Amino acid sequence: MDIIITISSGLCLFIGSFLCVSGGIGILRFPDFYTRMHAAAVTDTLGTGMILVGLMLLSPDLLIFAKLVMILLLTLLIGPTTSHVLAKAAWYNGLTPKFSSNVIDQKKNKETTSSNP
Amino acid sequence: MLVAATIAILVAMFLAIIRGIAGPTFYDRILAVNMFGTKTVLLISLLGFVMGRPEFLDIAIVYALINFISVIGVLRHSNINELKHKPVIEESIEKEP
Amino acid sequence: MLLIFLVVVAIAIIRMKNLFAVVMLTGIYGLLSASFLVVMDAVDVAFTEAAVGAGISTLLMLVVISMTGHRERTTRHKPLLALLVVTITGGLLIYGTLDMPYFGSADAPIHNHVASRYINDSMQEIGVPNIVTSVLASYRAFDTFGEVVVIFTAGIGVLALLSIAHRPEDGDKTGSFNDSLNEQHLIVRIVSKILIPFILLFALYVQFHGDYGPGGGFQAGVIFASAIILYSMLFGLNIARKVINQPFIQFISAIGVLLYGSVGLASILSGGNFFDYNVLSNDHITGQHLGILLIELGVGCTVASVMIIIFFNFAGRREMQQKNEREHNKNQELS
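Residues numbered from 1 in each chain as written. Chains lettered and ligands numbered in written order. Predicted model: local features only at pLDDT ≥ 70, side-chain atom pairs only at ≥ 80, totals over all residues.

### Comments concerning the overall build of chain A
- When you go through chain A residue by residue, the secondary structure sums to four helices and zero strands.
- For chain A, the succession of helices and strands along the chain, N to C, is α-α-α-α.
- Buried residues in chain A amount to 34% of all 117 residues.
- Of the contacts made within chain A by residues no fewer than 6 positions apart, 63% connect residues no fewer than 24 positions apart. (Helix = DSSP H or I, 4+ residues; strand = E, 2+ residues; numbered from the N terminus. Buried ≥ 20, exposed ≤ 12 C-beta atoms within 10 Å, placed from the backbone. Contact = placed C-beta atoms within 7 Å.)

### Here we look at the confidence of the model for chain C
All names here are of chain C.
- Confidence in the prediction of chain C, expressed as mean pLDDT, is 79, and 86% of residues score 70 or more.
- Per-element confidence in chain C ranges from a low mean pLDDT of 50 for helix α8 (residues 168-182) to a high of 88 for helix α9 (residues 186-208).
- In the model output, the complex is listed with pTM 0.80 alongside ipTM 0.76. (pLDDT = per-residue confidence, 0-100.)

### Topic: the environment of D32 of chain A
Residue and element names in this part refer to chain A.
- Structurally, D32 can be placed in the loop between α1 (2-29) and α2 (33-57).
- For D32, a count of 16 C-beta atoms within 10 Å puts it in the partly exposed group.
- Those residues within four positions of D32 in sequence are excluded, and the remaining contacts are P97 and K98.

### Points about the interface of chain B and chain A
- Facing the 40 residues of chain B at the interface are 39 residues of chain A.
- For the side of chain B that touches chain A, the secondary structure elements donating two or more residues are α1 (2-21), α2 (26-50) and α3 (56-76) of chain B.
- Residue composition of the side of chain B that touches chain A, by class: 29 nonpolar, six polar and five charged. (Nonpolar A, V, L, I, M, F, W, Y, C, P; charged D, E, K, R; others polar.)

### Digging into the nonpolar core
- Counting 134 residues, the largest nonpolar core has I59, A60, V62 and I72 of chain B together with A50, I223 and M307 of chain C as its most contacted members.
- Among the elements that line this core, the one with the most residues is α3 of chain B, at 16 residues.
- Here this core spans two domains, since at least three of its residues come from each of domain 1 (1-72) and domain 2 (127-335) of chain C.
- Once you skip the residues sitting within four places of it in the chain, I72 of chain B turns out to touch V85 of chain A together with V188, L230, M233 and L234 of chain C. (Core = buried A, V, L, I, M, F, W, Y, C linked by C-beta atoms within 7 Å. Domains from an automatic or database assignment.)

### Re the packing of α3 of chain B against helix α10 (residues 217-235) of chain C
- Remark: α3 of chain B packs on α10 of chain C, axes separated minimally by 10 Å, with the N-to-C direction vectors making an angle of 30 degrees. As α3 of chain B packs across α10 of chain C, the resulting crossing turns out to be left-handed. On the side of α3 of chain B, the interface is formed by V62, I66, I69, I72, G73 and R76 of chain B, while α10 of chain C contributes I223, S226, I229, L230, M233 and L234 of chain C.
- Class assignment of the residues belonging to the contact of α3 of chain B with α10 of chain C gives a composition of nine nonpolar, two polar and one charged. (Axes fitted to C-alpha atoms, helices over the stretch in contact; angles between N-to-C directions. Left-handed = near helix turned anticlockwise from the far one by under 90°.)

### Describing α9 of chain C
- The end-to-end C-alpha distance of α9 of chain C, which contains 23 residues, comes to 34 Å, matching closely the 33 Å that a straight helix rising 1.5 Å per residue would cover.
- Along α9 of chain C, the sharpest change in direction is near 30 degrees and occurs at L195 of chain C; proline P197 of chain C comes one to four residues later.
- Taken together, the buried positions of α9 of chain C are V188, V191, S192, L195, I199, F202, A203, V206 and Q207 of chain C.
- Buried residues along α9 of chain C sit against α3 (62-92) of chain A, α3 of chain B together with α10 and α13 (284-334) of chain C. (Expected span 1.5 Å × (residues − 1). Bend = angle between axes of the 7 residues up to and from the residue.)

### Here we look at the domain arrangement of chain C
Residues and elements named next belong to chain C.
- We note that the domain assignment places domain 1 (1-72) and domain 2 (127-335) within chain C.
- Just the C-alpha atoms count here: the centres of domain 1 and domain 2 sit 22 Å apart.
- On the side of domain 2, 17 residues touch domain 1, which itself brings 14 residues to the contact.
- Among the residues making up the side of domain 1 that touches domain 2, the classes are represented as ten nonpolar, three polar and one charged.

### Observations regarding the interface of chain C and chain B
- At the interface, 41 residues of chain C touch 35 residues of chain B.
- Of all the secondary structure elements, the ones that give two or more residues to the side of chain C that touches chain B are α1 (2-15), α2 (19-39), α3 (43-67), α9 and α10 of chain C.
- The element contributing the most residues to the side of chain C that touches chain B is α3 of chain C, with twelve residues.
- Residues of the side of chain C that touches chain B, tallied by class, amount to 31 nonpolar, nine polar and one charged.

### Notes on helix α4 (residues 80-97) of chain C
- Between its terminal C-alpha atoms α4 of chain C stretches 26 Å, which fits the 26 Å expected from 18 residues at 1.5 Å a residue.
- Of all 18 residues that make up α4 of chain C, zero are buried, and the element is exposed over most of its length.

### What to know about the packing of α3 of chain A against α3 of chain B
- Their axes nearest at 10 Å, the elements α3 of chain A and α3 of chain B cross at an angle of 10 degrees. Relative to α3 of chain B, the element α3 of chain A lies roughly parallel. On the side of α3 of chain A, the interface is formed by I64, K67, L68, M70, I71, L74, T75, I78, T82, V85, L86 and A89 of chain A, while α3 of chain B contributes L57, A60, I61, A64, F68, V71, I72 and L75 of chain B. (Parallel < 35°, antiparallel > 145°, perpendicular 65-115°, else oblique.)

### Let's talk about the environment of V188 of chain C
- Looking at the secondary structure, you find V188 of chain C in helix α9.
- The exposure class assigned to V188 of chain C is buried, which follows from the 22 C-beta atoms found within 10 Å.
- Along the backbone, V188 of chain C and L234 of chain C are 46 residues apart, and their C-alpha atoms lie at a distance of 8.0 Å.
- Those residues within four positions of V188 of chain C in sequence are excluded, and the remaining contacts are T81 and V85 of chain A, I72 of chain B together with L234 of chain C.

Have a look at this one:
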């Protein structure tokens, strides 16, 4: 039973750290802000989840387990919200994606629909 | 295994710092700080387990909340002109302030 | 390893001219310091550094640079005289420390006499497992009193220099404009409504758990203030002023310092020294617990209310500046 717990937590830690490092490489290599945000937010949230599940399997008593569950819930709630706010602020301030050709028509449609209360 | 995960998180933090120093637009820098903050939460939790002190988890919770509040604060107080970008084709668009 | 990051970030902060990027990098620097302190096994200090250095400082500096410009002016002259003075002073200081024992060596006087007495006797004399709290709140309570008075004086200084008289009818006009802006931020508002009670509850947990784990009054006050700041950033400053109005907050900050001082006075009136908690109750362990609880409460009240006062004043001034700019632009368009 102990062996199974140790191996599964080791596997979760390995997957989580692989995701985090690949997110770090992605944030350096992707060409544009919006693509970089995909790399950062998606890999961050899932990597954090995996590492915290791996730590939860190793935790000695119930209080530490409860605190890790709390950190996991907070990260799942906060991570996507932050990337949503960042992307919305970038869009409303005019930062356009790099490789899109008909972005101006989309922006004009978006303006007419968002000005209705 | 825990030590290997800690080293991986340190590598990811270093990559985020590189993007933070050399990001062309300011949104890149805000993204780098946010990612650095999430990695710090993980680093503190892992270090708590490695060094055998589970009280570090309180710091991790505080740090996750402070990271969230800082990013929201940056975006609320940042109507500076340098964050606005001119669109590529400038003919038919009105800028909204 | 982390020290190398610190040096790299510090050099980047000095060389960059754009203040907005500098504020971001200052945030990263505060986080690196907190991680470094965690590695050195200093939990309470890392807590305070994470909450204050990476949270509140970044927010306040952002409010400031959104009011002033965001380009640093380049200096015209090479500051050679300043460099010479700094080098000589630094050299003298380093020469002065060569006599002192090495950092962390086992036969330094502080490790033999002072620290060992605290570590050995703290459990019997005070009965609190967290030695940092017992040193801060009981052995060195007078120093902590000085710190609380300094924070209170900083709040008074900000109020004296920066407060503007708030007229109610201006509040209604800008209120409607802020509401129309805030409609765009619907998702963040809902998520914050879920999170803010949790943050306030966590601040209370940190405050009262300071005896057994890392925490205490300072960290709890900062977390409480940051929850209120989040509320006021997302829902507009006027609504936040109605929720927590200015005279109430000033009253709370004064109450914090008075609570701290009156614990000391109560122990004098009961026959002991100033801040001697043994005389506050029959059993001296209960007296110590009661004394530490009351002064941590005082510290938490003062820190939270002073942070809220500083933020409201900075943001109020910024809104006034923005309103003046808008009227100025409108007058320019009309004329």
